[in-house]
Every structure is written in C-alpha cells, then in structure tokens.
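For reference, the chains in residue letters:
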Amino acid sequence: MRFLLDTINIPDIKRYSSHLPISGITCNPSIIKAEGHIDFYKQMQDIYGLLNPGDTFHIQVSGTTKEQMLWDAHAIIQRIGNDISIKVPTTFTGLQVIKQLKEEGINVTATAIYTKIQGLLAIAAGADYIAPYYNRMQSSGIDAEDVIRSFHQAIVRDDSDTKILAASFHNVIQVTTALEAGADAVTLPPALLKNAIDIAPVEQAVSDFSADWAAVFGAGNYIDRL
Ligand SMILES: O=P(O)(O)OC[C@H]1O[C@](O)(CO)[C@@H](O)[C@@H]1O
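About the thresholds
- Residues numbered from 1 in each chain as written.
- Predicted model: local features only at pLDDT ≥ 70, side-chain atom pairs only at ≥ 80, totals over all residues.
- Heavy atoms only, no water.
- Core = buried A, V, L, I, M, F, W, Y, C linked by side-chain atoms within 4.5 Å.
- Buried < 20%, exposed > 50% of the residue type's maximum accessible area, 1.4 Å probe, protein only.
- Helix = DSSP H or I, 4+ residues; strand = E, 2+ residues; numbered from the N terminus.
- Contact = heavy atoms within 4.5 Å.
- Salt bridge = Lys/Arg side-chain N within 4 Å of Asp/Glu carboxyl O.
- Polar contact = N/O pair within 3.5 Å; in protein donor to acceptor, adjacent residues only side chain to side chain.
- Near = heavy atom within 4 Å.
- Areas by Shrake-Rupley, 256 points an atom, 1.4 Å probe, with all protein chains shown as cover.
- 1 Å grid on protein atoms, 1.4 Å probe; cavity = no way out; pocket = protein on both sides within 12 Å on 5 of 7 lines; lining within 4 Å.
- Sits in = over half its atoms within 2 Å of the grid points.
- Nonpolar A, V, L, I, M, F, W, Y, C, P; charged D, E, K, R; others polar.
- Domains from an automatic or database assignment.
- Pairing = 2+ DSSP bridges.
- Right-handed = clockwise from strand over helix to strand, strands pointing away.
- Axes fitted to C-alpha atoms, helices over the stretch in contact; angles between N-to-C directions.

1. Considering the nonpolar core
Link 1 in the chain: If you look at the biggest cluster of nonpolar residues, it comprises 59 residues, and the most contacted ones within it are Ile86, Leu101, Ile130 and Phe169.
Link 2 in the chain: In terms of residue count, the dominant contributor to this core is helix α4 (residues 66–79) (6 residues).
Link 3 in the chain: Apart from the residues within four sequence positions on either side, Ile86 is in contact with Ile59, Val61, Ala73, Ile76, Ile77, Leu101, Ile106, Asn107, Val108 and Thr109.

2. Topic: the environment of Gln43
Link 1 in the chain: Within the fold, Gln43 resides in helix α3 (residues 40–50).
Link 2 in the chain: In this structure, the C-alpha to C-alpha distance between Gln43 and Asn9, residues 34 residues apart in sequence, is 9.0 Å.
Link 3 in the chain: When sequence neighbours within four positions are dropped, the list of residues in contact with Gln43 reads Ile8, Ile10, Glu35 and Ile38.

3. Overview of the pattern of salt bridges
Pairing is possible between side chains that carry opposite charge, provided their charged atoms lie close to one another.
Link 1 in the chain: This structure, assessed with the given rule, holds 6 salt bridges.
Link 2 in the chain: Between Lys116 and Asp146 there is a salt bridge whose closest N-O contact spans 2.9 Å. Of this pair, Lys116 sits in helix α6 (residues 116–124) while Asp146 sits in helix α8 (residues 144–158), and the two are 30 residues apart along the sequence.
Link 3 in the chain: You can call Asp146 partly exposed: its relative accessible area is 33%.

4. Section: the side chain of Thr56
Link 1 in the chain: With respect to the helices and strands, Thr56 occurs in strand β3 (residues 56–60).
Link 2 in the chain: There is a polar contact of 2.9 Å between the side chain of Thr56 and the side chain of His58.
Link 3 in the chain: Ignoring any residue separated from it by four or fewer positions in sequence, one finds Thr56 in contact with Arg2, Leu4, Ser23, Gly24, Ile25 and Tyr129.

5. Description of the site of the ligand
Link 1 in the chain: Residues in close proximity to the ligand include Asp6, Thr26, Asn28, Ile31, Gln60, Lys87, Thr111, Tyr133, Arg136, Ala167, Ser168 and His170, which together make up its full environment.
Link 2 in the chain: The side chain of Lys87 places a nitrogen or oxygen atom 2.7 Å from an oxygen atom of the ligand.
Link 3 in the chain: Between an oxygen atom of the ligand and a side-chain N or O atom of His170, the distance comes to 3.2 Å.
Link 4 in the chain: In the complex, the protein chains occlude 86% of the 400 Å² of accessible area that the ligand would expose alone.
Link 5 in the chain: The pocket occupied by the ligand, as judged from atoms lying within 2 Å of grid points, is the largest pocket.
Link 6 in the chain: Of the residues in the shell around the ligand, the class split is 3 nonpolar, 6 polar and 3 charged.

6. Things to note about the domain arrangement of the protein
Link 1 in the chain: Domain annotation for the protein reports domain 1 (2–188) and domain 2 (199–226).
Link 2 in the chain: Domain 1 and domain 2 are separated by 42 Å when their C-alpha centres are compared.

7. Quick notes on the pairing of strand β7 (residues 163–166)
Link 1 in the chain: Inspection of the sheet shows strand β6 (residues 129–132) paired to β7 by 2 bridges, in the parallel sense. Bridge pairing links Ile130 to Ile164 in β7.
Link 2 in the chain: As judged from the 2 bridges shared by β7 and strand β8 (residues 185–188), these two strands associate in the parallel manner. Bridge pairing links Leu165 to Ala185 in β8.
Link 3 in the chain: Regarding topology, helix α9 (residues 172–181) serves as the crossover connection from β7 to the parallel β8, and that connection is right-handed.

8. Considerations on the sheet that holds strand β2 (residues 22–26)
Link 1 in the chain: Spatial strand order, β1-β2-β3-β4-β5-β6-β7-β8: 8 strands in a closed barrel with parallel pairing. Pairwise comparison of adjacent strand axes, ignoring direction, gives a mean angle of 25° for this sheet.
Link 2 in the chain: Of the strand pairs in this sheet, strand β5 (residues 108–113) and β6 are connected by 3 bridges, and their pairing is parallel. Directly across from Ala110, in β6, lies its bridge partner Ile130.

So, in structure tokens, the structure goes:
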C-alpha cells in the first residue's frame, strides 16, 4: 500500500513528505496550471531531486495526437529522468501510445480511467499503473469501488504486473474504500490527508491525555522530572 501526493507544490511536497509515509508524486496539466506559469522542466527536476529511492513520479503528456504524446513522453524522459512514469489518457489513441511506450521500455501510467473496459485494456497493453478516477466515477453514477475490485481481480487472475494507482479523491472514505477494494496506491491532494488526520475527536483525546498527566505530575511532562 502506497500513498502519493497529487501536487507539484514544492513546499507542500517537503512538508507532507517529512510528516507522512509518502512514496511518490503525481500531477496532470490541471495541477500544473494551479502553480501558474512555472518553469516546467526546472520545477519537475527539482521535485525529482526530492524523491527517495523507490518513489515514483508520474507526469502526464499534454498532447492529444499519437505524435504529440510520444514527443511529450520522450521529452519528459530525456529532461527529467528515465524512470518517470508517463501518464497517458486511456483513449483509443492513448492505448496506441501506451503500447508503443511499453515497447520502448518506458514506464506508463494509464490515466483518466472511468470504466472497466478502459482499465482492462490498459492492463492488457502492459501499463505499469492504471489510474481510476474515484470521485469522478462516482459523480458520473459509476460504482467506483466495484470498478477497482474488478481491476484487482483481473490483475490477480492474469498474474499481471500492473498496479492500481487510484486517483481523484475528495474525501477519505473514498480513499480507504479504494484501498480495501484492491488499489495498490492512492494519490491525494495534501490538504485532504492533513484534514483527515487532525480531526476534532483526535485532538480532544490528545489534549485530555496531556491534562490528565499534568494533573498528577505537573507541567513539563518529562520522565526525568518525576
Ligand atoms: O478529479 P480530480 O480531483 O481532478 O483528480 C483527477 C486525478 O487524476 C490524476 O491526474 C491521476 O493521476 C491525478 O493527478 C488526479 O488525482
């Protein structure tokens, strides 16, 4: 089970990675747009430099034709790192690109997955990761949990190496349900994680423990002061 951050904001990446067991970064053109007119390659190289061994970095192509997507993929690999997982939308054209990139030995994340057939085709095409869009599926009336469970079953049945990197989360119930259904990894906006951990009942419990300790031993709370 792995948790990734769905952001390219460097202060957030540093802060959240220092607190939480984060093992990679994902982004898409909309996430990049949120940062404004950045120096794209420089910022991606800086993020790449922050990763730990074994972490994965998933960067999406911006082109829409086969030629543009392949060009984007090669540019990302050459200028950032040859272990970047290239995110390709799982469209008719995208599947052609996924097959080609796999023939070249490039890591691929098949993204924009809303349906079972998209994911199953991406698994068959040899994608390293498939990224089902949990919240967007639910918003479209699709049973996201059932879709992820079915991907997991297909991967086990075929003994496939494809991993499920579930994405598009708007609350933590979606996240835990995706993991229970068989997702190998989830990618989350940083604030979603923090808001889910620092909830009022937890803070209340911690504050009650401190108050109870202080009521007996006083302020300071160090064992060597007892
Ligand atoms: O529905 P949202 O919140 O825009 O999320 C879309 C998701 O797709 C991805 O591009 C898939 O990796 C993520 O970066 C993002 O979580």
